[in-house]
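As a plain string of letters, each chain reads:
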Amino acid sequence: MPLFMLLDMDYFFAACEEARRPELKGKPFVVGTSPEKDKLHGVVQTSNYVARQFGIKSGMAVSKAVALCPDLKYSESHEDYYEEMSKRVMDIVRKYGFPMEIMSIDECALRLGEMGMEAAMRLSTEIKEKIRNETLLTCTIGISSSKIYAKMVCDSAKPDGLQGVEGSGIVSFIRSKEVSKIPGIGPKAEEELRRIGISKIEDAIGKSPMLLMDRLGSLGTFLYRVANGLDESDVEENYQMLSIGRETTLAYPPTKESIMEAMERLTDQTISEVLKKKMMFRGVSVKVRYTDFTEKIRSTSIKNYTDSKELLAKKALTLIEGLLDAKPVRKIGVRVYMLSEASGQSTLF
Ligand SMILES: [Mg+2]
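Caption draft 1: The arrangement of the overall build of the chain in detail. Summing up its helical and strand segments, the chain has 14 helices and 12 strands in all. Over its C-alpha atoms the chain spans a radius of gyration of 22 Å, differing by no more than 12% from the 20 Å that the globule rule assigns to 349 residues. Its C-alpha atoms put the chain at 60 × 55 × 45 Å along the principal axes. Looking at the chain as a whole, 34% of its 349 residues are labelled buried. Within the chain, residue pairs in contact and separated by at least 24 positions form 64% of the contacts whose partners lie at least 6 positions apart.

Caption draft 2: Broad picture of the sheet that holds strand S2 (residues 29–32). Overall, mixed pairing links the 3 strands, which are arranged S3-S2-S4 in an open sheet. What marks the edges here is a single partner per strand, and that holds for strand S3 (44–47) and strand S4 (73–76). The average undirected angle you get between the axes of adjacent strands in this sheet is 30°. One ladder, built from 4 bridges, connects S2 with S4; its direction is parallel. Looking at the pairing, Gly32 lines up with Glu76 of S4. The sheet strands contacting helix H1 (residues 12–20) are S2, S3 and S4, and the helix crosses S3 at an angle near 75°.

Caption draft 3: Just helix H11 (residues 218–227), in detail. The set of residues buried in H11 consists of Gly220, Phe222, Leu223, Tyr224, Val226 and Ala227. The elements touched by buried residues of H11 are helix H6 (147–156), helix H9 (201–204) and helix H10 (209–216). Backbone geometry just after H11 places Gly229 at a positive phi near 75°.

Caption draft 4: Looking closely at the sheet that holds strand S1 (residues 3–9). Strands sit in the order S5-S6-S1-S7-S8 across an open sheet of 5 strands; the sheet is mixed. Strand pairing shows two members of the sheet lacking a second neighbour, strand S5 (100–104) and strand S8 (162–164), which therefore form its edges. Strand-to-strand, the axes of this sheet are offset by a mean angle of 15°, without reference to chain direction. In terms of strand pairing, strand S7 (residues 139–144) meets S8 through 3 bridges, oriented parallel. Looking across to S8, one finds that Gly142 is bridged to Gln163.

Caption draft 5: Up close: the pairing of strand S6 (residues 107–113). Pairing analysis gives 6 bridges linking S1 to S6, with the strands arranged antiparallel. Bridging from a neighbouring strand, Asp8 pairs with Glu107 of S6. Where S5 meets S6, 4 bridges bridge the pair, whose relative direction is antiparallel. The residue of S6 that forms the bridge with Glu101 is Ala109. Hairpin connection from S5 to S6: 2 residues lie between these consecutive antiparallel strands.

Caption draft 6: Representation of the packing of helix H4 (residues 79–94) against helix H5 (residues 117–135) within the structure. Axis separation between H4 and H5 bottoms out at 10 Å; the angle between their running directions is 145°. Judged by the sense of rotation from one axis to the other, the crossing of H4 with H5 is right-handed. Residue-level contacts link Met85, Arg88, Val89, Ile92 and Val93 of H4 to Ile127, Lys130, Ile131, Glu134 and Thr135 of H5. Here the contact of H4 with H5 is composed, by residue class, of 6 nonpolar, 1 polar and 3 charged.

Caption draft 7: Main features of the environment of Arg330. Inspection of the secondary structure assignment puts Arg330 in strand S12 (residues 329–341). In this structure, Arg330 is in contact with Thr33, Thr249, Leu250, Arg289, Tyr290 and Thr291, ignoring residues within four places of it in sequence.

Caption draft 8: Fine view of the domain arrangement of the chain. According to the domain assignment, the chain contains domain 1 (1–116 + 127–143) and domain 2 (243–348). For domain 1 and domain 2, the distance between their C-alpha centres works out to 26 Å. Domain 1 puts 11 residues into the contact, and the matching count from domain 2 is 9 residues. Here the residues of the side of domain 1 that touches domain 2 sort into 2 nonpolar, 8 polar and 1 charged.

Caption draft 9: The packing of H10 against H11, seen in detail. In the contact formed by H10 and H11, the axes pass within 6 Å of each other and the chain directions differ by 140°. With respect to H11, the element H10 is oriented oblique. Here the hand of the crossing between H10 and H11 comes out right-handed. Of the residues in H11, those in contact with Pro209, Leu212, Met213, Arg215 and Leu216 of H10 are Leu219, Gly220, Thr221, Leu223 and Tyr224. Residues belonging to the contact of H10 with H11 are distributed by class as follows: 7 nonpolar, 2 polar and 1 charged.

Definitions and limits used
Residues numbered from 1 in each chain as written. Predicted model: local features only at pLDDT ≥ 70, side-chain atom pairs only at ≥ 80, totals over all residues. Helix = DSSP H or I, 4+ residues; strand = E, 2+ residues; numbered from the N terminus. Rg over C-alpha atoms; globule rule 2.2 N^0.38 Å. Buried ≥ 20, exposed ≤ 12 C-beta atoms within 10 Å, placed from the backbone. Contact = placed C-beta atoms within 7 Å. Pairing = 2+ DSSP bridges. Axes fitted to C-alpha atoms, helices over the stretch in contact; angles between N-to-C directions. Left-handed = near helix turned anticlockwise from the far one by under 90°. Nonpolar A, V, L, I, M, F, W, Y, C, P; charged D, E, K, R; others polar. Domains from an automatic or database assignment. Parallel < 35°, antiparallel > 145°, perpendicular 65-115°, else oblique.

Rendered as structure tokens:
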């Protein structure tokens with residue numbers, strides 16, 4: 001049976017700040033949206049473990065966090081540095097040569113194949129040590145028989161953990177957990193499931209797949225498979241994907257106007273690079289990172305290769321529209337992929 005590894009960095013953004021400023025280690029501190037000298041006007045983007053014990057959460061006003069913990073240390077966020085650290089971590093993992101999917105800035109999955117659990121655990125120990133030695137950061141690794149199971153194992157081994165759950169053991173491992181612990185089951189689905197008497201994963205075992213599908217559509221089928229140990233989610237190799245794009249960090253608080261201005265600038269810059277490289281594209285994606293560091297990416301494809309700025313702008317605006325209401329936006333990005341060399345086509349047609 002093939003094995004999968006899920007690696008997730010611990011308190012990634014806070015840990016990066018601790019690596020930059022070792023004097024913060026062990027003290028309560030937050031990373032926020034405002035410049036250091038005007039910190040009280042910002043919101044908390046993330047906090048370290050010590051600050052969380054004071055009840056400090058992402059999205060909270062910094063003034064409130066300081067009220068909860070007067071000794072709180074504050075750092076403005078250094079997004080370029082976090083990206084750089086992420087790249088260093090991903091490069092370490094990539095060098096092992098397994099098929100790899102980058103899930104987010106601080107999380108990736110590997111398809112290890114049929115190496116056996118013992119070898120997988122040895123490999124994981126080595127990767128954890130290497131990351132710690134080279135970046136001072138810790139991570140948690142979960143190993144199991146699918147990508148989703150590996151993620152669930154990883155989540156329950158945090159922080160600085162390593163755990164493997166093989167084959168049939170996975171059902172007993174997940175059965176007493178809440179359904180919300182399954183990646184992809186959000187609050188809405190959770191509510192819907194509660195109405196049919198499902199709150200723990202074991203409540204879904206033996207339920208008819210038709211009933212679950214009826215309530216939740218394809219998510220119902222997914223839940224049925226996960227609960228019964230049938231999930232086979234695989235890594236989708238994405239790290240080699242060639243793309244051209246730009247990202248920018250917004251001042252806090254973001255406004256509709258500042259977002260639209262930034263979108264226009266990013267679209268312009270992306271198209272300039274596409275033209276400079278004499279490329280055309282079929283894929284467009286838009287990324288939003290919120291002030292709590294969560295991210296959403298939306299993608300779409302176009303029927304024919306293009307290098308049209310108007311078309312990119314139109315697609316990108318449609319994609320970003322659905323992403324703006326949830327939470328205040330910190331960073332946005334526009335990217336084109338599925339590239340092809342223009343080779344004179346744009347002048348021919
Ligand atoms: Mg993480």
